[in-house]
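One-letter residues, chain by chain:
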Amino acid sequence: MSAPSDKTAKPRVAVFKMASCDGCQLQLLDAEEALLELAGAIDIVNFAEASSHIEPGPYDVTLVEGSVSTPELEEQIREIRRESTVLITIGACATSGGVQALRNATGKHDEFVRAVYPTPEYIDSLEDSHPISDYVQVDLELTGCPVDRGQLLGAIASLLRGALPRVSTSPVCVECKRRGYVCVVVAKGEPCLGPVTRTGCGALCPAFGRGCYGCFGPAQEPGNTDALGRRFVDLGLTPKAAADRFRFITGWAPPFREAADELEEVAR
Amino acid sequence: MTHRSVEVPVIARVEGEGALHIAVDDGTITDLRLEIYEPPRFFEAFLAGRHFSEVPDITARICGICPVAYQMSSIHGLERLFGVDPSPGMHELRRLFYAGEWIESHVLHIFLLAAPDFLGFDNAIEMAKVQPELVKTALGIKRIGNDLMAVIGGREIHPVSPRVGGFSKAPRRRDLEPFLPRLERALEQMPGIADFIASLPAPAFPRPAELVSMVNESEYPMNEGGMGSTTGRRWDAESYEQVTHEVHVEHSNALHSLMSDTQTSYFLGPLARVNLNAALLTPGAREVAERAGLRVPETDPFFSMAARAAETTLAIEEAIRIIRDYEPPTPPMVEPVARAGRATWMTEAPRGTLYHRYDVAEDGTILEAKIIPPTSQNLRHMEEDLRRFLPDVLDRPDQELTRLCEMVVRNYDPCISCATHFLRLDIERS
């Protein structure tokens, strides 16, 4: 039987998955030796990808990857919230609905199911793919597609010391300047979401010679998405192509959604 | 209106959370269902309407464990349609990138997912307490795979540099050279891992099966080749959807694949590749296969772990060879010119053949996409394995039976393997 949470015991940690690719919880397995170390400081009591040993709640800290996209997941996330003292959502799916939220803007969910599954009656899914915070209160959101391993381990370490972690919300642009990367917009005329996207990746795409595509979602102050959209059009994108830049991995996050809507309005 | 059932584009049936339902009456299995309730994400539907250049960024998201496979199948297919012929240097860099994923995924599977069961541990963390050096060695080898993916792709999960036309940036010689001593050390460690695998108490499960993988005359297949099977079938990307077809069963959000002519299931993955390409194994890989007890022909799925170890060794040897001769492809990327038509391709994901098809408009917009992942192709075979395996062990207590069922399923390294760790055995005995 599970022991009740108390201050002397190691914190009980659970990891859950909703609609997602597994990449964010894989960051924990990819932590390798740090994972073995972490395992000495916490009790991982429910982490289906890593262990057959599964204990029921309550949990001191729960990490959730993935979006809510079926009626069962909606029920499950409410249950998880009830069992969790601190709930942390990890990754683009959990924090903004993920790439699968591309279906949301279309209003064509039923058509998708019909187009895609030979027997649509077998499929039970919600019209939209939702971030967890649409259903329950979330204590901390770590964005990214995938979530950054350093941020994730850092957040767990902070919680172990009793502090709620702080996460940088400045844009990728700032990170690029700090690291001295050549600006891909200026040098190559590449459309880049860096001015409005939150850092966390270390300005990875510009470092690899391409424009940012928004994995970490909108920066705290996402800045002037309209002007950036116009800049994309000036760089030669059609308004539809410019809208697609925003409507991508984190496209259901409100600032990006609105920017895409606006550009699509122009396209029409 | 007639219902169009098979020919329309199909969603990415991402493997994931599963449950097993078995009903037994008087010692006979009357119902057995491997339920896949991973929520559908509709990748194929929302790929339609996007520009071809965005495809590798989208398809990577189908799987966090094997994003390179999803990127490579789409990139190769689209390049062939657009008349882009990868240079020899590009071929080698992509093979190195894929080798990184094989190392990462195979070692993850052997040590973090599969092996603990054979020794009665719940997870690798428990196993590490008893065998710390072995687990540390394995994690070190896995790290090399991850680091290779990251140095080439920017990061190991959802790499950013692979594009239709090449890489947005290619690594320099001095980025890759530091890998050589690490890879050479790993190559020395692999025979020890083979001995460990040989020592695991695995059930014997000989049974006939049609094993299917890519075949290639000049190199062990990763990115390129045709299709072959152990019953002598041969086909290519253009005819993939005619030779095999998918059916939708009520208990699964993933489709099942069958051979079209015989309506029979087939078995993809490392064991199939080793069987069909044994002559192309590198010397170290051959030694590791032998030490782990694997001699082809072999259809017993419990030899999959040995096949994974052999392929890990092959990937290490290939990585050493490629890095020694490496010159960055220049330019790292050619700008493809879109052309209307149909793109088809398959590559060998760590867990089996991954097929992609894209119908593309003249301006480069994707009109229709179809993705057939390895796990959905293996699903019917997994169910059949369970039906064959279970009668002999039905007398075991529920807990042991659950573990045995999970091991049978885990032989296939279903992506995502939480499908099997999440196995909720629901057994009705009457």
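For the structure, see preceding data.
Residues numbered from 1 in each chain as written. Chains lettered and ligands numbered in written order. Predicted model: local features only at pLDDT ≥ 70, side-chain atom pairs only at ≥ 80, totals over all residues.

A. Representation of the overall build of chain A within the structure. Secondary structure assignment for chain A yields 12 helices and 5 strands. Expected size for 268 residues packed as a compact globule is a radius of gyration near 18 Å; at 20 Å, chain A falls within 12% of this value. Taken along the three principal axes of its C-alpha coordinates, chain A extends 60 × 50 × 25 Å. Looking at chain A as a whole, 52% of its 268 residues are labelled buried. Across chain A, the fraction of contacts at a sequence separation of at least 24, relative to all contacts at a separation of at least 6, is 72%. (Helix = DSSP H or I, 4+ residues; strand = E, 2+ residues; numbered from the N terminus. Rg over C-alpha atoms; globule rule 2.2 N^0.38 Å. Buried ≥ 20, exposed ≤ 12 C-beta atoms within 10 Å, placed from the backbone. Contact = placed C-beta atoms within 7 Å.)

B. Structural context of the overall build of chain B. A tally of regular secondary structure across chain B gives 15 helices and 14 strands. Relative to the compact-globule value of 22 Å for 430 residues, chain B shows a C-alpha radius of gyration of 21 Å, a close match. Counting only C-alpha atoms and orienting by the principal axes, one finds that chain B spans roughly 65 × 65 × 35 Å. Expressed as a percentage of its 430 residues, the buried residues of chain B come to 58%.

C. Representation of the sheet that holds strand 5 (residues 211-215) of chain B in the model. Strand order across the open sheet formed by 4 strands is 7-6-5-10 (chain B), with mixed pairing between neighbours. Each having just a single partner strand, strand 7 (234-235) and strand 10 (267-268) of chain B make up the two edges of the open sheet. (Pairing = 2+ DSSP bridges.)

D. Representation of helix 11 (residues 239-246) of chain A within the structure. Among the residues of helix 11 of chain A, those classed as buried are Ala242(A), Ala243(A), Asp244(A), Arg245(A) and Phe246(A). Where helix 11 of chain A is buried, its residues touch helix 10 (225-234) and helix 12 (254-267) of chain A.

E. The arrangement of the packing of helix 11 of chain A against helix 12 of chain A in detail. Residues and elements named next belong to chain A. At a minimum axis distance of 8 Å, the contact between helix 11 and helix 12 shows a crossing angle of 170 degrees. With respect to their mutual orientation, helix 11 and helix 12 come out roughly antiparallel. Between helix 11, through Pro-239, Lys-240, Ala-242, Ala-243 and Phe-246, and helix 12, the contact on the second element is made entirely by Phe-256, Ala-259, Ala-260, Leu-263, Glu-264, Val-266 and Ala-267. Counted by class, the contact of helix 11 with helix 12 contains 10 nonpolar, no polar and 2 charged residues. (Axes fitted to C-alpha atoms, helices over the stretch in contact; angles between N-to-C directions. Parallel < 35°, antiparallel > 145°, perpendicular 65-115°, else oblique. Nonpolar A, V, L, I, M, F, W, Y, C, P; charged D, E, K, R; others polar.)

F. Seen up close, the nonpolar core. Residues and elements named next belong to chain B. Counting 187 residues, the largest nonpolar core has Ala-306, Ala-309, Ala-310 and Ala-319 as its most contacted members. If one sorts the elements of this core by residue count, helix 4 (residues 88-118) sits on top with 16 residues. Not counting chain neighbours up to four residues away, the residues in contact with Ala-309 comprise Ile-110, Met-190, Ile-193, Ala-194, Ile-197, Val-288 and Ala-292. Grouped together as the second largest cluster of nonpolar side chains are 10 residues, Ile-22, Ile-36, Cys-405 and Tyr-412 included. (Core = buried A, V, L, I, M, F, W, Y, C linked by C-beta atoms within 7 Å.)

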